[in-house]
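Coordinates in review
Residues per chain are reported as follows:
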Protein chains: 2
Amino acid sequence: MSKTKPSLPRGTRDFGPEIMSKRSFIIDIIKKNFIKYGFAQIETPAMENLSVLTGKYGDEGDQLLYKILNSGDFLSKTSKEDIEKGSRHLTTKISEKGLRYDLTVPLARFVVMNQNEITFPFKRFQIQPVWRADRPQKGRYREFYQCDADIIGSKGLWSEVELTLLLTDVFHDLRLEDYIIKINHRAFLFSFAELVGLKYQTISFCTEIDKIDKIGEDRVAENLKALGANISQINEVLSLFKENDKGIVLERLLNIGVNKEVISNINSYFEALAMSFDKKIKVELDLSLARGLSYYTGMILEVKSTGVQMGSIGGGGRYDDLTGVFGLKGISGVGISFGLDRIYDVMEELKLFPEEIASRPDVLIVHFSEENLKHAYRIVSGLRDKGIKAELYPETAGIRKQFDYSDKIGVPYTLIVGDNEMNSGRYMLKDMKTGNQEPLKMDEVMRRLKQN
Amino acid sequence: MSKTKPSLPRGTRDFGPEIMSKRSFIIDIIKKNFIKYGFAQIETPAMENLSVLTGKYGDEGDQLLYKILNSGDFLSKTSKEDIEKGSRHLTTKISEKGLRYDLTVPLARFVVMNQNEITFPFKRFQIQPVWRADRPQKGRYREFYQCDADIIGSKGLWSEVELTLLLTDVFHDLRLEDYIIKINHRAFLFSFAELVGLKYQTISFCTEIDKIDKIGEDRVAENLKALGANISQINEVLSLFKENDKGIVLERLLNIGVNKEVISNINSYFEALAMSFDKKIKVELDLSLARGLSYYTGMILEVKSTGVQMGSIGGGGRYDDLTGVFGLKGISGVGISFGLDRIYDVMEELKLFPEEIASRPDVLIVHFSEENLKHAYRIVSGLRDKGIKAELYPETAGIRKQFDYSDKIGVPYTLIVGDNEMNSGRYMLKDMKTGNQEPLKMDEVMRRLKQN
């Protein structure tokens, strides 16, 4: 094997110690709140059968699935025609498995396969990476984490309310306060589509609406017109998007012919959140919110940072038939997902990470001889057992080299173990900031380090 | 898309809530100790370039790598000859990436790519899944977690000592006390190989020695003889394996011609561990311990359960040139790895998981009407904010259905919210074990639940 200059696949990343501490800081807060709200963790395999994944994310999604080559002599199970028919056909013959694309389809599969053991409503959370063969760009990676919480098997409005409270608590704990939760209802969008004359093109309608932020109202209007929509009705819908008074909006929705129950549902949701929950809840109705995923059927939501220009940092919604595709009908679900990578970027830009999360030792033990080093074995072990992050320079070396190392790792204290110290039982503790040093008994060393 | 009956790829598993709590229990303890011993977490991508992975695990390992099909029209970059040459050759043309096979080669790649930012000695830990296209069998999966801690860039014996202390603390915290840490040194094995006349077949020699447990001494002796080894020397080595007195063993090793420094190194290791570390350290020298991985060059170790018949539940060793293959010479490393899945199996068999780790709510709130339900929103939210795992039956339903649900999820208390409760401000708290119920003010409810 010749020496290879190693590299990373495009769109993937290593996370070194500093980045990992920050990512863990976010994940720990999300996880703590998932548990607080009664969600139980599950994990599913990275690889799923392609029969499970294919056809669930639209045609484009199918192309973005990472497919795994069958093991062994995969060609032996193909014919000449299979090869002549081209890559797309051949893939089905030489690949049976793919990497998961999100955590929602694996959840649906899990629920269907375990339906007899699960007590519904089933509240699960899942924090795992997903993979998409997407074109890498700023903020878009080929491997990224999703942090999902879903409630399966309940239609009660409480689920929407508690997911909103959960979002609120997570962003509060992250000290990320500049955000807004935008909500909408798929039924509104379907009514709008019908109103402009696109009743049978609701998905295309939603896709266009979704672009307003990017390409502006005028071009969206043009696109809708090209799809066959009526221009005066388009303008009516667009003007509705700008109406800020929720009362007026809901009344106009009623006039348009939106189902009364849906409107009352949205009203109840806002009423519930208006009860004082001892927390500031930042929700607003945004009729232009569309969300790309096609499986949503009820309320949808998206979290936007108001402090940084960035795509959504969280989202979710209700879906009434996720498990139907696997043969289990009538199971309603609702879920939210946190975008770990984008939350990280926002927090980095706004400098929201606490300083103390960097992982450096509390003290480094330095020494002058083999005998000192061996004596220090017990000291470092004793300190660790007391909860102090102690580190021992691991081999005999010049004292300057050891202090250089202590500077590099940024340790606040060093503890010197020399012959004097071994004889007297008093060890020199040096404050690396002030340069002060003081001979202390081991229990005093511990007390001093514990205070920091 | 027709309805598909969903299934899991062979050799992979879903982890439901109960199993996940137990797995998290193990992982949390391992992680806590990694941090206690000063290791910093990193993560690397699931996908690595095949140029990084191939050739690092032997020929058999290469066959066990999961390869990812290139995206798009992969056939367009192949010729007719590529296809005629067969699957193995074609793979190199249609697949550039694979799933990581272990965490050690990715670590080596990480170190080489980040050598200018890393302060050595570099102590990192990594807890991530790996994938192998192995034949699935009991205790062997195609996706499984590795939990690795490595120290890169130090040759000091302290590293071996602190990794042994770390192993000891982890198994102590898991309350898994029936185990033994077996250690050996590659130099001993190389000397044995030379002694029996297999100086140039050391890897084959180690592979055979590794089989003693499985096929017995006699067949191993036969196999070694078939490789060309001298039978009387084979017997000398085998008899040495049975010698229990460490002093005698080390003297005989000296006579065989094992490097003096290595013997003194092993001696120092045992001496260091013999110092009282306030913990019981279970290490023994086992000259027949070989370990399959070819990159080890120094001390090697393996952890065996003595309570359950099972392969090793942990292992590790020193390697002097892991990064050499990526062009960075002279970096010595030493590491250990915990086998999460096997530790799980041992703990399950010995019933070592604490009972209280199951994730069930502390209290379920039941209700009689839509109005009661809405009133309960604030109650459940308030309880959660106080650290009580409260759950609300999420929709209006008959009271029997709600109590059925509380039985199924095994919740110890229910809190009843009816009109009486709403009017009086006293809520009925029912102990589900005794059936006793008592009307309590909300702060009393909290106090009562906090006690549990």
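Per chain, residues are indexed from 1 in the order of the written sequence. Chains carry letters and ligands carry numbers; both start at the beginning, A for chains and 1 for ligands, and go up in the order they are written. Whole-chain, interface and lining totals are the exception, using all residues; otherwise, since this is a predicted model, local features are given only for residues with pLDDT of at least 70 and side-chain atom pairs are given and counted only at 80 or more. Neither water nor hydrogens contribute to the side-chain values; these are computed over all heavy atoms in the structure.

Residue and element names in this part refer to chain B. Secondary-structure assignment places Gln-146 in strand 6 (residues 143-152). Only protein chains enter the accessibility calculation, which uses a 1.4 Å probe. A residue is then buried if its area is under 20% of the maximum for its type, exposed if over 50%, and partly exposed in between. Of the residues examined, Gln-146 reaches a relative accessible area of 11% and is grouped as buried. For the pair formed by Gln-146 and Tyr-269, sequence separation is 123 residues and the distance between their alpha carbons is 26 Å. Contact between two residues is taken to exist if any of their heavy atoms lie within 4.5 Å; hydrogens are not considered. Setting aside anything within four residues of it in sequence, one finds Gln-146 in contact with Asp-102, Leu-103, Gln-126, Ile-127, Gln-128, Val-130, Arg-132, Ser-337 and Phe-338. Polar side-chain contacts of Gln-146 include one of 3.3 Å to the backbone nitrogen of Leu-103. Helix numbers and strand numbers start at the N terminus; a helix is a DSSP run of H or I with at least 4 residues, a strand a run of E with at least 2. Nitrogen and oxygen atoms within 3.5 Å of one another constitute a polar contact, given that in protein one can donate a hydrogen and the other can accept it, and given that sequence-neighbouring residues count only through two side-chain atoms.

Glancing now at helix 15 (residues 340-349) of chain A. Spacing of three or four residues puts side chains on the same side of an α-helix, whose turn is 3.6 residues. All names here are of chain A. What helix 15 keeps buried is the set Leu-340, Asp-341, Ile-343, Tyr-344, Val-346 and Met-347. Next to the buried residues of helix 15 lie helix 1 (17-36), strand 6 (143-152), helix 7 (158-173), strand 9 (299-305) and strand 11 (333-339). Positive backbone phi, approximately 55°, marks Lys-351, located one or two places after helix 15.

Quick look at the sheet that holds strand 12 (residues 363-367) of chain B now. Backbone-to-backbone hydrogen bonds join strands into a sheet, with any given pair of strands oriented parallel or antiparallel. Residue and element names in this part refer to chain B. Taken in spatial order, the five strands line up as 13-12-14-15-16 in an open sheet, and their pairing is mixed. Each edge of the sheet is formed by a strand with only one pairing partner; in this case those strands are strand 13 (390-392) and strand 16 (437-441). The mean inter-strand angle of the sheet, taken between neighbouring strand axes irrespective of direction, is 30°. Two strands form a pair only when DSSP identifies at least two bridges running between them. Note: strand 15 (residues 426-431) against strand 16, five bridges, orientation antiparallel. Looking across to strand 16, one finds that Lys-430 is bridged to Gln-437. Packing against the sheet, helix 17 (residues 399-409) makes contact with strand 12, strand 14 (413-417) and strand 15, and its axis sits at approximately 170° to strand 12. Interaxial angles span 0 to 180 degrees and are taken between N-to-C directions of axes, which are lines fitted to C-alpha atoms, for helices over the stretch in contact. Against the sheet, helix 19 (residues 442-450) engages strand 12, strand 14, strand 15 and strand 16, with an angle of about 120° to strand 16.

We now examine the confidence of the model for chain A. As a per-residue measure, pLDDT tells how confident the predictor is, with possible values from 0 to 100. Confidence along chain A averages 93 in pLDDT terms, with 99% of residues attaining 70 or more. The ipTM value of the predicted complex is 0.93, and its pTM value is 0.94.

Take the relation of the copies chain B and chain A next. Only residues with pLDDT of at least 70 in both copies count here: their C-alpha atoms drive the least-squares fit that superposes the copies. Its rotation angle being 180°, the transformation that places chain B on chain A also includes 0.0 Å of axial translation and leaves an RMSD of 0.0 Å. Considering both components of the superposition, the chain copies are consistent with a two-fold axis. When C-alpha positions in chain B are compared against the rotation axis, the closest is assigned to B:Ile68, at 2.2 Å.

It is worth spelling out unusual backbone geometry at this point. Glycine aside, residues mostly have negative phi, and peptide bonds are mostly found in the trans state. Residue and element names in this part refer to chain A. Across the junction of Phe-120 and Pro-121, the peptide omega takes the value -5°, indicating a cis bond. Among the structural elements, Pro-121 can be located in the loop between helix 6 (104-113) and strand 5 (122-131). At Arg-175, a position not held by glycine, the phi torsion is positive, near 60°. Here Arg-175 lies in the loop between helix 7 and strand 7 (179-185).

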